[in-house]
Amino acid sequence: MGKPRYIRLADMLSNAIQDGKLAPGTKLPTHRAFAEQFKVALATATRAYGELERRGLIVGEAGRGTFVRDLALPPALGVRQIANDDLIDLVFNMPGDAADADKLRSGLRRLAASGDLEAMLRYQPHGGRRHERRIIAESLSPTLGQVDPESLLVTSGGQHGLAILALGLFRRGERIALDTLTYPGFKSIAALQGLELVPVDGKGGVMDPEDLQRQCRERKVRCVYLMPTVHNPLGSVMNEETRLRLIEVARENDLLIIEDAAYAFLEPDPPASLLSLAPERTFHVGSFSKNLATGLRLGYVIAPALYTDRLLEAIRATTWNAPALISGLATGWIEDGTLASSQMARRRDGAERQKLCHSVLNRSAILSHRNAGFAWLPLEKGARAEPVVSRLKEHGILASSAEPFATTVAVPQALRLAFGGIPMHELEGVFQLVREVIEGVPHAAGMLE
Ligand SMILES: Cc1ncc(COP(=O)(O)O)c(C=O)c1O
C-alpha cells in the first residue's frame, strides 16, 4: 500500500525545504489555498502541514501564517530540531532566546520610528556609538560600580571581545594562565594567536592563587584568564577573599587579567568584580548572548585607558564596528527593561532545570551554578567518559566529555550537560535516560547515589 496522500504532500514540501528551494522564512499558502492548489480536501492539507510541523520543518505563527523554519540553526528553547537527525543536543549551550519574535518585531518597529535612521547605514566609531556606550555602561553600574563609557568598547559578541584582546594585547608565544577546565572558545583563540596556555590548579572552577604564584615564579606569564562569577563549565562563583589574593598575585607578577562575565548575570548577588578591584589591569568581557539572544552577536570589553587605543585598532582590523542596527536594538531593550526581565527569566528557568537535574541524577558530585542551564558530572574513579558519550549517542543524546574544556594533557573523566535549550516537558525524561545510560556503563555509575 502506498503512503497516505498527506504524507506524500508533506514529503514533497519537505524535499523542497531541505533542498533550499523553499528558503527559511518563506510564507506557505493557507491550508485552504494549498488544498485547492493540490486538489485535496482541506483536512488533508491540514494534516500535511501538521506533519511538517511535527518534523520541525515549518512553524505556524498565530495570526500571521505558516513559515519555513531555518534548518541550519541549532535548536532553540521549546523548538527541538527533529528535522535533521532526531538527536537531543546537550553539547551546544543554547539558553533559549529570551527575546522572542514579538520582542524583535516591536524592537525593530521602535528603531524604524526613530530619528536619523540613516546614521545606522554608515560606518560607526570603532568603539561604538557614544550614547549606546553610555547606556550599556550605566546598565552595568549596579554590579560593576561606575563604568566610564569611554572605557567600554562595543564588540560583535563576547567571543569577538576575547579575540580583540588576544589580537591587541599579546604577541605569539606569550603565556596566558587559566583554569585546568575553561571555556573552549578561549582555547581556540589562544591556539590561533599562538599563545601558550599555562594551566593553573584549582578546586571546582576556582583557581588557586598560590598555584598561580608558583607558575609565575617558574616562567614569565603575561595574563590570567578567569571567569570568577559563574564559571563555564563548572558554574562556580569565586569568593572575595580568593579574588583579592589573585589580584595580589597578579600585581606582584605584573599580570593582566581577563575577567569573562558571559554568564555573570546568573548570579544575583555576586562579590565585587575583578574590574572594580583591579581596574588598572582588568579587561572585563561581557556579552548579550546568554541574557538576551545568541543571534545578536553583541558584547563589550571594558579596558584600562592605557590599552583602549590598541583594542580600538583590533576592532578596526576585524569588524570596523559592531553593527549599529544591533546595538540600537539591544540598547533599546536595556532602556525599556527587556534586558532586566530577560535576565530574571533566565535565572528562574535555569533554577528550575537545575532542580530537576539534581533530583533525577541525584548526586552530590554534580558541579553547577544553581541558576545555570548546564552542569558538570564527574564520573567515578576508573570510569571513562567516552563509552558513556557513545552510549548516550545511541540513545539519541549528544553530550560532551571534558576534553573540549581541558587545558591539561590528562583530561578528567566527566560529562558536561548543557540543557538550557531542551523543552522543559522533555527534560525529566532526558535526565532519566542519562542516568540509566550512566548506570549501564561499567564503572561510570559510581557517581549516582
Ligand atoms: C564563558 C564564555 N565567554 C564568552 C562566550 C562568547 O559569547 P558570545 O560570543 O556569544 O557573546 C561564551 C559563549 O558560550 C562563553 O561561554
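Predicted, not measured: the structure shown is a model, and the values here were computed from it.

> An account of the overall build of the chain is requested, with residue identities and associated values reported.
Along the backbone of the chain there are 15 helices and 17 strands. Considering only C-alpha atoms, the chain reaches an extent of 80 × 65 × 35 Å along its principal axes. Looking at the 449 residues of the chain, the share that counts as buried comes to 52%. Long-range pairs, those at least 24 residues apart, make up 70% of the contacts in the chain with a sequence separation of at least 6. Split by element, the accessible area of the chain, about 20700 Å² in all, is 53% carbon and sulfur. Here the chain carries 53 positive and 52 negative side-chain charges, and the mean point of each set is 5 Å from the other.

> Please set out the domain arrangement of the chain residue by residue, giving values where relevant.
You can read the domains of the chain as domain 1 (5–72), domain 2 (115–336) and domain 3 (339–447). Between the C-alpha centres of domain 2 and domain 3 the distance comes to 27 Å. On the side of domain 3, 22 residues touch domain 2, which itself brings 28 residues to the contact. Across the domain 2 to domain 3 interface the summed buried area is about 2100 Å²; carbon plus sulfur atoms make up 62%. For the interface between domain 2 and domain 3, the tally reads 1 salt bridge. E267 is the salt-bridge partner of R370, the closest N and O atoms lying 3.2 Å from each other. The interface formed by domain 2 and domain 3 contains 15 residue pairs in polar contact (both at pLDDT 80 or more). Of all the secondary-structure elements, those providing two or more residues to the side of domain 2 that touches domain 3 are strand 6 (175–179), helix 7 (184–193), strand 7 (196–200) and helix 12 (324–335). Taken together, the residues of the side of domain 2 that touches domain 3 break down into 17 nonpolar, 7 polar and 4 charged.

> Please set out the environment of I257 residue by residue, giving values where relevant.
Along the chain, the position of I257 falls in strand 11 (residues 256–260). Those residues in contact with I257 that lie beyond four places of it in its chain are V224, L226, I247, A250, L274, R281, T282 and F283.

> Go over the packing of aromatic side chains with me, naming the residues and quoting the values.
What the rule picks out here adds up to 9 aromatic pairs. Aromatic side chains F186 and Y225 sit 3.9 Å apart centroid to centroid with 5 degrees between the ring planes, which places their arrangement in the stacked category. Of the two residues, F186 is situated in helix 7 and Y225 in strand 10 (residues 223–226); the sequence distance between them amounts to 39 residues. Of the two residues examined, F186 and Y225, each falls in the buried class. Where W376 meets F405, the ring centres are 5.7 Å apart and the plane angle is 85 degrees; that geometry is what we call edge-to-face. Remark: F405 occurs in the loop between strand 16 (400–401) and strand 17 (414–418) and W376 occurs in strand 14 (residues 374–378); sequence separation between them is 29 residues.

> Provide a residue-level description of the site of the ligand, including the pertinent values.
Among the 13 residues in the neighbourhood of the ligand, the closest are listed as G158, D260, S287, S289 and R297. Starting from 390 Å² of accessible surface for the ligand in isolation, the protein chains cover 91%. Its residues assigned to classes, the shell around the ligand comprises 4 nonpolar, 6 polar and 3 charged.

Conventions and cut-offs
By convention here, each chain's residues receive numbers from 1 onward along its written sequence. Given that the model is predicted, a residue must reach a pLDDT of at least 70 before its local features are reported, and side-chain atom pairs must reach 80 or more before they are shown or counted; all residues, however, enter totals for whole chains, interfaces and linings. Think of the side-chain values as coming from all heavy atoms in the structure, minus any hydrogens and water. Think of it this way: any DSSP run of H or I at least four residues long counts as a helix, any run of E at least two long counts as a strand, and we number them from the N terminus. Exposed residues in this analysis have more than 50% of their type's maximum accessible area, buried residues have under 20%, and partly exposed residues fall in between, with area computed by a 1.4 Å probe over protein chains only. Two residues qualify as a contact provided that any one of their heavy atoms is within 4.5 Å of a heavy atom in the partner residue. Here, Shrake-Rupley sampling with a 1.4 Å probe gives the accessible areas, and only protein chains in the shown set may cover a residue. The convention is simple: Lys and Arg are positive, Asp and Glu are negative, and His and the chain ends are not counted. Charged groups are reduced to one reference atom each: NZ for lysine, CZ for arginine, CG for aspartic acid, CD for glutamic acid. Note that the domain bounds reflect an automated or database-derived domain assignment. Summed over both partners, the accessible area lost on bringing two parts together, with a 1.4 Å probe, is the buried area. Salt bridge criterion: a side-chain nitrogen from Lys or Arg within 4 Å of a carboxyl oxygen from Asp or Glu. N or O atoms closer than or at 3.5 Å make up a polar contact, with two conditions inside protein: a donor-capable atom paired with an acceptor-capable one, and, for residues adjacent in sequence, both atoms drawn from side chains. Note that Gly is not counted as nonpolar here; it falls among the polar residues with everything else outside the nonpolar set of Ala, Val, Leu, Ile, Met, Phe, Trp, Tyr, Cys and Pro and the charged set of Asp, Glu, Lys and Arg. Pairing of aromatic side chains requires ring centres within 6.5 Å, counting the rings of Phe and Tyr and the six-membered ring of Trp. Pairs whose planes differ by under 30 degrees are stacked, by over 60 edge-to-face, and all others tilted. Think of it this way: one heavy atom of a residue within 4 Å of a molecule or strand is enough to make that residue near it.

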